[in-house]
Amino acid sequence: MTAYDVIVLAGGAAKRLGGADKPGVRVGGRALLDRVLAACDGAARTVVVGDRRATVRPVVWTREVPQGGGPLAALGAGLKLTTAQCVLVLSADLPFLGPGTVDALLAAAGEPGREGALCTDPDGRDQPLVAAYRAEPLRRELALIAAEYGSLAGLPLRILTAELELARIDAGPDAAFDCDTWGDIAAARARIREHGAVLDEWITSVKNELGIELDVDTGVLLDLARDAAHGVARPAAPLTTFLVGYAAARASAGAGPDEAVAAVAEASRKATALALRWEAESAESAGQGGDAAGGPAGGAKPDAGREGTGTS
């Protein structure tokens, strides 16, 4: 992967949000800024231009001069604190930005003859704050703009992008979705609860909240929960998945992420096999009819009261 630094612009006035602290507004239980930081956690250095706050991972803080001087001034301030040859530049209000888009931008920015790459929205508009730039031409153009206008404050980003050879990336409808209004916030909150996205969003949020970086196969865990609920009893599903996690943690204590993933898979395999054995016993008992419980086919057996345990 291309080595890169990232600059996140988080110092806007958020006028269309009534002056609310936009980077701190939560979508899916996570602050917008934290969601952006999670998408680019492979950066060598992360610079956030804005007011200091608690964040999901360590960052370097700075402010544009003057404060409120606009995105170009903020970009200039952040760039002073980076050293990588490629710089990812993001706004702090991108709830659906993912690592895939980051990788695509970095790859396109590294193509011969390119000085960077940016996303386009579904209407074909450039999004210069969902972009990757080569540091040298970026520094050059910012210096030329500052010399021509006397300052970077108050200037639009299009002055910069018009001078660079940029690739355009169509990253789909979500990657460049930004939250400028409360309507945008409401739409983002509704979207993460849609059927096709809610589980991934929830699992990501839980791992973020608990400080877990383990990338497990959620499908395996869901299958395990289904088998436990069906073959044993509904309350067995959450309890079993908890016990699998506990067992995997013990088995992989002191090991790396790969060993932890393997431990989860092995614990899930064993628990699933056990749940299927329970289900098979239930089916076998049901197939024996009344005889298993001492019905018309025979007298009651001494342990008949326990044979049906776990079948329903």
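It should be noted that the structure appears before, not after, this text.
Overview of the structure. (Residues numbered from 1 in each chain as written. Predicted model: local features only at pLDDT ≥ 70, side-chain atom pairs only at ≥ 80, totals over all residues. Heavy atoms only, no water.)

1. Focus on the side chain of S268
Stage number 1. Inspection of the secondary structure puts S268 in helix α11 (residues 257-287).
Stage number 2. Those residues in contact with S268 that sit more than four places away from it in its chain are V220, L221, L224 and V244. (Helix = DSSP H or I, 4+ residues; strand = E, 2+ residues; numbered from the N terminus. Contact = heavy atoms within 4.5 Å.)

2. So, the nonpolar core
Stage number 1. Counting 31 residues, the largest nonpolar core has Y4, L88 and L90 as the members making the most contacts within it.
Stage number 2. Residue assignment for this core shows that the elements contributing at least two residues are β1 (5-9), α1 (32-39), β6 (86-91), α3 (99-109), β7 (116-120), β8 (126-134) and β9 (166-170).
Stage number 3. The next biggest cluster of nonpolar side chains, apart from the first, holds 24 residues, and it includes A74, V87, L129 and L152. (Core = buried A, V, L, I, M, F, W, Y, C linked by side-chain atoms within 4.5 Å. Buried < 20%, exposed > 50% of the residue type's maximum accessible area, 1.4 Å probe, protein only.)

3. Side note on the pattern of salt bridges
Stage number 1. All chains considered together, the criterion is met by 15 salt bridges.
Stage number 2. Notably, a salt bridge pairs D126 with R168, separated by 2.6 Å at the nearest N-O pair. Highlighted residues: D126 in strand β8 and R168 in strand β9, separated in sequence by 42 residues.
Stage number 3. With a relative accessible area of 32%, D126 lands in the partly exposed category.
Stage number 4. One salt bridge connects D223 with R226, and the closest N-O pair in it is separated by 3.4 Å. Here D223 and its partner R226 are both found in helix α9 (residues 218-231), three residues apart, which amounts to about one turn of the helix.
Stage number 5. Judged by its relative accessible area of 38%, D223 is partly exposed. (Salt bridge = Lys/Arg side-chain N within 4 Å of Asp/Glu carboxyl O.)

Read these as layout, nothing more, since geometry by itself doesn't imply function.
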